[in-house]
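Residues per chain, in single letters:
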Amino acid sequence: MADTDYDLVIIGAGPAGLTAGLYAARARMKVLLLEKAVPGGQILVTDWVENYPGFPEGISGYDLAEKMRIQAEELGLEIETAQVHSLNLSADIKEIVLKDRSIRAKSLIIASGASPKKLGIGEDKYMGKGISFCATCDAPFFRDKTVVAIGGGDTAVQEAIFLTKFAKKVYLVHRRDELRATKILQERAFANDKIEFVWDSVATGVEGFFGIEGVHVKNVKTQEEKTIKADGCFIWVGILPNAEFLKGSIKTDEYGFIIADAKMQTSVPGVYAAGDVRDTPLRQISTAVGDGAIAAVCAEHYIENL
Ligand code: NAP
C-alpha cells in the first residue's frame, strides 16, 4: 500500500469515537481523532447520566465525557480540532478532506454522531431568544418561568424533568397520547407536579417580539388550535445523523444513518461506523462505547491483512 499518514482516522469524539481511539491507541496503531467542536459529543449537553454502568450515583454528562477524553489521551490518542469536508473512498487508501489539507489513512471510523432535528417553527429566528435544544445550557435562563418542551422520547422527557428544577411550569407537548420514553423516565415525569402534558398535539409556530411569548399548538385529533403562553420552547423531536460530509460515498438508510454490519463494517471495506451515526436499534452511551471498541478492533484486523 502507498504511503499513508495514519493507520486509522476516527471522525467524531463522542463516546463511540473516544472509545475507538482508546482501543486503537492501546493497539499501538498510528491513530488520529478529528473533532469539529469539543470532545464529548451529545453527552456534553446531558445533565445527568444514570444508565452507564460503573457510576451507581450517576455522573454528569460533562464529567463522563471529560473522563473518557482524558483516559484516551493518556493512552496516547492524538485529537485534533478539525471539520471534515468530504471523503474520497474510491481507492484502498482513504482520503479525508479537511478545509486546508487532506489526510491519508489505511482505515477510517466514522463516529460523527447525530444532532437534534428541527421542526421548522422558527428555530433559526428564535435560537438564543427562547428556542433551545439544550436544557443543560439554557434551563437556568428560565428560573420561575413557563416553558414548553416538545417531544415524547427519552430526550424530551428526561430534559423536561431537568427543566422543572428551574422553571415553575413545563408543558410537554407530544403528538400522541403515549410517550416513547423509557418507563422509569415516564414514571418520574407523571409524578412531577410541574409538568403538564399536552397530548395528541403538535407545535405549529411560536410568537414573541424580543423573545418567545407563546407557542402555537394544534390538537391532531380535534384540529383545535391554541397558544400556550410561555417564555421558552425546547425542541426534542429526534435526531439526524451528522453525515453531510459523506456525500454519497457510503451506503446509508433513508434518513442518512450509516448502514454497518456486526463488525461495524460499512459498504466500503476498511471504513467503519460507530455510535449514533450508525443505523442502530439502540442509541445509548453504552452501545456507542461497544460500537467504538468493535470498530477499532476490526479496523486493526483489517490493516493487518492488507
Ligand atoms: P426519539 O427517541 O426518536 O424520540 C423523538 C420523539 O419526538 C418521539 O416521541 C416522536 O414522536 C417525537 N417526534 C418526532 N418527530 C416529530 C415531529 N415532527 N413532531 C412532533 N413530534 C415528533 O429521539 P430522542 O428522544 O432524541 O432520542 C434519540 C436517541 O437517544 C434514542 O435512541 C434514545 O433512546 C436515546 N437517548 C437515551 C437517553 C437515556 O438513556 N437516558 C437519553 C436521551 C436520548 P413518536 O413517539 O410519536 O414517534
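These notes cover the structure that comes with them. (Residues numbered from 1 in each chain as written. Predicted model: local features only at pLDDT ≥ 70, side-chain atom pairs only at ≥ 80, totals over all residues. Heavy atoms only, no water.)

1. Some points on the overall build of the protein chain
Move 1: When you go through the protein chain residue by residue, the secondary structure sums to seven helices and 19 strands.
Move 2: Taken over the C-alpha atoms alone, the protein chain extends approximately 65 × 40 × 35 Å along its principal axes.
Move 3: Residue pairs in contact within the protein chain that sit at least 24 positions apart in sequence constitute 60% of those at least 6 positions apart.
Move 4: Only carbon and sulfur atoms are counted for the fraction: they give 50% of the accessible area of the protein chain, which is about 15000 Å². (Helix = DSSP H or I, 4+ residues; strand = E, 2+ residues; numbered from the N terminus. Contact = heavy atoms within 4.5 Å. Areas by Shrake-Rupley, 256 points an atom, 1.4 Å probe, with all protein chains shown as cover.)

2. Quick word on the environment of glutamate 224
Move 1: Take glutamate 224: it is sitting in the loop between β15 (214-219) and β16 (225-229).
Move 2: For the pair glutamate 224 and histidine 301, spaced 77 residues apart in sequence, the C-alpha to C-alpha distance is 59 Å.
Move 3: Those residues in contact with glutamate 224 that sit more than four places away from it in its chain are Val217, Lys218 and Asn219.

3. So, the pattern of salt bridges
Move 1: Summed over the entire model, instances satisfying the criterion amount to 11 salt bridges.
Move 2: Across the pair glutamate 73 and arginine 69 runs a salt bridge whose closest N-O atoms are separated by 2.6 Å. Here the residue glutamate 73 and the residue arginine 69 both occupy positions in helix α2 (residues 61-74), the gap between them amounting to four residues, near one helical turn.
Move 3: Residue glutamate 80 pairs with arginine 101 through a salt bridge whose shortest N-O separation is 3.0 Å. Taken together, the positions of glutamate 80 in strand β5 (residues 78-81) and arginine 101 in the loop between β7 (94-98) and β8 (102-110) put the pair 21 residues apart, joining distant regions of the chain. (Salt bridge = Lys/Arg side-chain N within 4 Å of Asp/Glu carboxyl O.)

4. A few points about the site of the ligand
Move 1: Lining the immediate surroundings of the ligand are 18 residues, of which Asn51, Asp154, Gln158, Arg176 and Arg180 lie closest.
Move 2: Asparagine 51 places a side-chain nitrogen or oxygen 2.7 Å from an oxygen atom of the ligand.
Move 3: Computed on the free molecule, the ligand has an accessible area of 910 Å², of which 78% lies beneath the protein chains in the complex.
Move 4: Residues belonging to the shell around the ligand are distributed by class as follows: three nonpolar, nine polar and six charged.
Move 5: Split by domain, the residues of the shell around the ligand number at least three in each of domain 1 (6-115 + 239-304) and domain 2 (118-235). (Near = heavy atom within 4 Å. Polar contact = N/O pair within 3.5 Å; in protein donor to acceptor, adjacent residues only side chain to side chain. Nonpolar A, V, L, I, M, F, W, Y, C, P; charged D, E, K, R; others polar. Domains from an automatic or database assignment.)

5. Side note on the sheet that holds strand β17 (residues 232-235)
Move 1: As summarised here, the arrangement of the five strands in space is β10-β17-β11-β12-β13, forming an open sheet in which the pairing is parallel. Lying at the two open borders of the sheet, with one neighbouring strand each, are β10 (131-132) and β13 (195-198).
Move 2: Here strand β11 (residues 146-150) pairs with β17 via four bridges, running parallel. Paired with valine 147 across the strands is glycine 232, a residue of β17.
Move 3: Sitting on the sheet, helix α5 (residues 154-163) touches β11, β12 (169-173), β13 and β17, and the angle it makes with β12 is about 165°. (Pairing = 2+ DSSP bridges. Axes fitted to C-alpha atoms, helices over the stretch in contact; angles between N-to-C directions.)

6. What about the side chain of aspartate 7?
Move 1: Position of aspartate 7 among the secondary structure elements: in strand β1 (residues 6-11).
Move 2: A distance of 2.7 Å separates the side chain of aspartate 7 from the backbone nitrogen of lysine 30, its partner in a polar contact.
Move 3: Once residues within four sequence positions are removed from consideration, aspartate 7 is found in contact with Met29, Lys30, Ala105, Lys106, Ser107 and Ile303.

7. Comments concerning the nonpolar core
Move 1: Membership of the largest hydrophobic core comes to 35 residues, with the highest contact counts inside it found for Leu8, Leu64, Ile109, Tyr272 and Ile285.
Move 2: Secondary-structure elements contributing two or more residues to this core are β1, α1 (15-26), β2 (31-35), α2 and α7 (285-304).
Move 3: The element contributing the most residues to this core is α7, with nine residues.
Move 4: If we ignore the near neighbours within four places in the chain, the residues touching isoleucine 109 are Leu8, Val9, Ile10, Ile11, Ala20, Tyr272, Ala274, Ala295 and Ala296. (Core = buried A, V, L, I, M, F, W, Y, C linked by side-chain atoms within 4.5 Å. Buried < 20%, exposed > 50% of the residue type's maximum accessible area, 1.4 Å probe, protein only.)

8. A few points about the state of the cysteines
Move 1: Applying the stated criterion across every chain yields a total of one disulfide.
Move 2: A sulfur-sulfur separation of 2.0 Å characterises the disulfide bridge that pairs cysteine 134 with cysteine 137. In this structure, the disulfide formed by cysteine 134 and cysteine 137 twists by about 80° around the S-S bond and is classed as right-handed.
Move 3: For cysteine 134, a relative accessible area of 9% corresponds to the buried category. (Disulfide = S-S within 2.5 Å.)

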